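Now for the letters of each chain:
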Amino acid sequence: MLIAVWKELKKAPFTAWFGIAIILSYIIVAFFAPVLTPYGETQVVGDEYAPWTSEFLLGTDNIGRDMLSRLLYGARNTVGIAFVTTCLAFFIGGMAGLIASTVGGWTDQILSRIVDVLMAIPQLIFALLLLTIVGTNVVNMILIIALLDSTRVFRLARAVATNVVVMDFVEVARLRGEGIWWLIRHEVLPNSTAPLIAEFGLRFCFVFLLIAALSFLGLGIQPPTADWGSMVRENATLITFGDITPLLPAAAIALLTVAVNFVVDWMLHASSGLKD
Amino acid sequence: MWPILRMVIQRLGLGLLTLFVVSVIIFSSVEFLPGDLAQEILGQAATPETVAAFRKELGLDRPPVERYFTWLGNVAQGDFGKSLANNREISELIGQRLLNTLFLAGFAATIAVPLAITLGVLAALYRNTLFDRMINVFTLTSISFPEFFVAYILILFFAVNWGLFPSISNIGPETSFWDKVYRTMLPAITLTLVVVAHMMRMTRAAIINLLASPYIEMARLKGIKPGRVIVKHALPNALAPIINVVAINLAYLVVGVVVVEVVFVYPGLGQLLVDSVSKRDITVVQASSLVFAATYILLNLTADVLSILTNPRLLHPR
């Protein structure tokens with residue numbers, strides 16, 4: 001198994017290697033943030049908007065917290081929250097999709113029509129509407145985005161699983177008298193994972209950007225949590241003085257999404273066997 | 001001709017149905033509040049009598065179905081009710097801002113659509129060359145960038161370092177057309193960069209798909225130049241998917257303006273929406289969500305209908 005993965009990796013283009021390296025380094029930073037950072041996440045350590053010095057490598061933010069420390073903690077908060085949200089979206093959407101295609105009939109019809117309607121409303125607008133009603137905090141945001149994004153996962157999971165459900169081995173299992181859960185766990189899910197894994201990367205990017213956008217608008221992850229989207233918002237005035245510090249958290253977001261996209265692109269390419 | 005007309009009418013009917021369901025969702029979302037709107041606005045400190053009186057003033061004492069149809073009837077006549085935050089007529093707040101948002105989205109589209117199609121055709125023409133791979137990396141990158149990152153990079157270079165365009169797109173109803181174009185240049189470029197990638201990739205894919213067809217082979221064997229084969233023979237047949245993706249991206253543009261408007265302090269509908277969300281001004285949020293959702297649905301519907309109308313196989317049934 002590992003040898004096969006290594007063989008594929010050796011054939012991978014430069015972009016894929018670059019992507020994997022970036023993703024790994026983000027994971028390391030997220031896990032070891034407290035060790036790597038010179039100061040605390042919300043600790044006020046100096047003047048406001050201090051320039052880059054040896055004491056504060058990337059200067060300080062709008063209330064005097066160390067920029068570098070917050071940037072490193074952001075890997076844990078922003079990426080962690082996006083990851084949890086994507087997992088939740090996959091759990092809801094994947095489950096519903098597999099159930100819809102395995103059970104079929106009315107269950108499928110009802111779930112599919114609900115998803116159609118939810119997808120007709122633009123995601124950001126729907127998220128904003130729901131956030132107004134339930135109030136803006138992190139838990140609400142995670143639940144809302146996971147729910148809205150699960151509609152996309154549902155579509156794919158259902159489409160993939162529908163092709164599996166008609167196979168003879170599923171028919172055999174059905175005739176043997178296996179229940180729905182058994183069918184999903186032992187027959188349908190194992191045969192639908194490959195496309196779902198590539199989709200996970202794409203959905204993660206989408207969720208990550210949506211959360212960053214909401215936090216940037218001040219409606220997502222709330223202060224004083226170190227989060228890349230809100231860090232850009234809080235320090236944006238510096239840009240008008242030609243200081244690039246506020247662009248760093250935005251660049252951190254961009255770099256990770258580029259990396260994930262490169263890896264997904266390579267995975268899709270490798271699995272489709274296309275040369276074009 | 002008849003089957004195609006029936007398909008179009010079916011799509012239109014489906015679109016109207018979606019619009020109706022969406023309006024029900026937007027209206028009834030408020031019903032899920034823990035208390036109700038009156039309680040929410042007045043807060044916990046209000047006496048039951050004031051809450052009851054306010055409830056009556058908002059019409060909350062009537063059954064939801066009746067309120068929905070009254071609301072829908074008023075919305076159809078352009079009356080969205082009043083803002084909870086400052087008691088102003090919502091239609092007054094929205095009117096000019098909607099025009100501004102549509103101006104920005106339209107401006108971005110006039111740059112983005114020709115650019116995307118040209119790049120897509122070029123990428124298909126020079127496929128698998130260095131140029132194609134560079135465009136592929138560039139588009140993957142621009143899809144991955146958050147909108148505010150692109151916006152601030154543009155501000156840093158074009159506004160702060162070189163002083164070419166203003167970093168704040170402050171326009172009013174009396175601003176002249178060219179002045180508007182000048183002031184909205186940076187937000188329009190930002191939006192362009194965001195949507196070009198997707199449109200370009202679809203154009204390239206649609207054309208490359210066709211290049212294996214026998215009539216392209218024939219054209220090639222006749223000795224026609226590769227550029228002419230693509231523009232004259234492949235492009236017209238790839239139009240349906242291209243028109244579709246263009247319309248979908250226009251729909252995305254109208255919605256995608258939200259973040260960009262906030263960055264450039266542009267007086268559009270998106271900014272109003274964000275402000276109202278943080279103020280929890282529910283009636284304004286409802287109204288602007290409805291306007292956004294309706295525009296989005298209508299543009300997607302247009303995409304559907306156009307892709308039916310431009311499909312040669314449907315137009316000339318045997």
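Preceding this section is the structure that the text describes.
Below is a short write-up of the structure. (Residues numbered from 1 in each chain as written. Chains lettered and ligands numbered in written order. Predicted model: local features only at pLDDT ≥ 70, side-chain atom pairs only at ≥ 80, totals over all residues. Heavy atoms only, no water.)

**Considerations on the overall build of chain B**
Thought 1: The number of helices and strands found in chain B is 14 helices and zero strands.
Thought 2: The linear arrangement of helices and strands in chain B, starting from the amino end, is α-α-α-α-α-α-α-α-α-α-α-α-α-α.
Thought 3: Counting all 318 residues of chain B, 46% fall into the buried class.
Thought 4: When contacts within chain B are restricted to residue pairs at least 6 apart in sequence, long-range pairs at least 24 apart make up 72% of them.
Thought 5: Accessible area of chain B: about 16000 Å², with a carbon and sulfur share of 65%. (Helix = DSSP H or I, 4+ residues; strand = E, 2+ residues; numbered from the N terminus. Buried < 20%, exposed > 50% of the residue type's maximum accessible area, 1.4 Å probe, protein only. Contact = heavy atoms within 4.5 Å. Areas by Shrake-Rupley, 256 points an atom, 1.4 Å probe, with all protein chains shown as cover.)

**As for the packing of helix 12 (residues 269-279) of chain B against helix 13 (residues 282-309) of chain B**
Residues and elements named next belong to chain B.
Thought 1: Contact pair helix 12 / helix 13: the axes reach a minimum separation of 9 Å and the direction vectors enclose 145°. For the crossing formed where helix 12 meets helix 13, the hand is left-handed. Only Val284, Val285, Ser288, Ser289, Val291 and Phe292 of helix 13 make contact with helix 12, whose side of the interface consists of Leu269, Gly270, Leu272, Leu273, Ser276 and Val277. (Axes fitted to C-alpha atoms, helices over the stretch in contact; angles between N-to-C directions. Left-handed = near helix turned anticlockwise from the far one by under 90°.)

**Description of the pattern of salt bridges**
Thought 1: Scanning the entire structure with this criterion turns up ten salt bridges over all chains.
Thought 2: Salt bridges sharing common partners tie together Arg113(A), Asp116(A) and Arg155(A). (Salt bridge = Lys/Arg side-chain N within 4 Å of Asp/Glu carboxyl O.)

**Here we look at the interface of chain B and chain A**
Thought 1: On the side of chain A, 40 residues touch chain B, which itself brings 47 residues to the contact.
Thought 2: For the pair chain B and chain A, the summed buried surface comes to about 3600 Å²; carbon and sulfur atoms form 81% of the total.
Thought 3: Inspection of the chain B/chain A interface yields zero salt bridges.
Thought 4: The interface formed by chain B and chain A includes four residue pairs in polar contact (both at pLDDT 80 or more). (Buried area = accessible area lost by both parts, 1.4 Å probe. Polar contact = N/O pair within 3.5 Å; in protein donor to acceptor, adjacent residues only side chain to side chain.)

**Some points on the packing of aromatic side chains**
Each pair of aromatic rings is reported with the distance of its centres and the angle of its planes.
Thought 1: In the structure shown here, the tally under the stated rule is 24 aromatic pairs over all chains.
Thought 2: Each ring, one from Trp6(A) and one from Trp17(A), has its centre 6.3 Å from the other, and the planes form 80°; the classification is edge-to-face. With Trp6(A) in helix 1 (residues 2-11) and Trp17(A) in helix 2 (residues 14-36), the pair connects residues that are eleven residues apart, well separated along the chain.
Thought 3: Judged by centre distance (6.1 Å) and plane angle (75°), the rings of Phe20(B) and Tyr68(B) are edge-to-face. In this pair, Phe20(B) is assigned in helix 1 (residues 2-28) and Tyr68(B) in helix 4 (residues 64-76), connecting sequence segments 48 residues apart.
Thought 4: For Phe20(B), a relative accessible area of 37% gives the class partly exposed.
Thought 5: A relative accessible area of 5% means that Tyr68(B) is categorised as buried.
Thought 6: One aromatic cluster in this structure is built from Phe20(B), Phe27(B), Tyr68(B), Phe69(B) and Trp71(B).
Thought 7: Above the face of the Phe206(A) ring, Arg203(A) is positioned so that its terminal group lies 4.8 Å from the ring centre.
Thought 8: Here Lys180(B) stacks its cationic end above the ring of Phe103(B), 5.3 Å away from the centre of that ring. (Phe/Tyr/Trp six-rings, centres within 6.5 Å; stacked < 30°, edge-to-face > 60°. Lys NZ or Arg CZ within 6 Å of the ring centre and 35° of its normal.)

**Considering helix 2 of chain A**
Residue and element names in this part refer to chain A.
Thought 1: In this model helix 2 runs just 28 Å from its N-terminal to its C-terminal C-alpha over 23 residues, more than 12% under the 33 Å that 1.5 Å per residue would give.
Thought 2: If you look at helix 2, its biggest bend is around 50°, right at Ala30, and the proline Pro34 turns up within four residues after that.
Thought 3: Residues Ala16, Gly19, Ile22, Tyr26, Val29, Ala30 and Ala33 constitute the buried set of helix 2. (Expected span 1.5 Å × (residues − 1). Bend = angle between axes of the 7 residues up to and from the residue.)

Any link to function would need more than the numbers given here.
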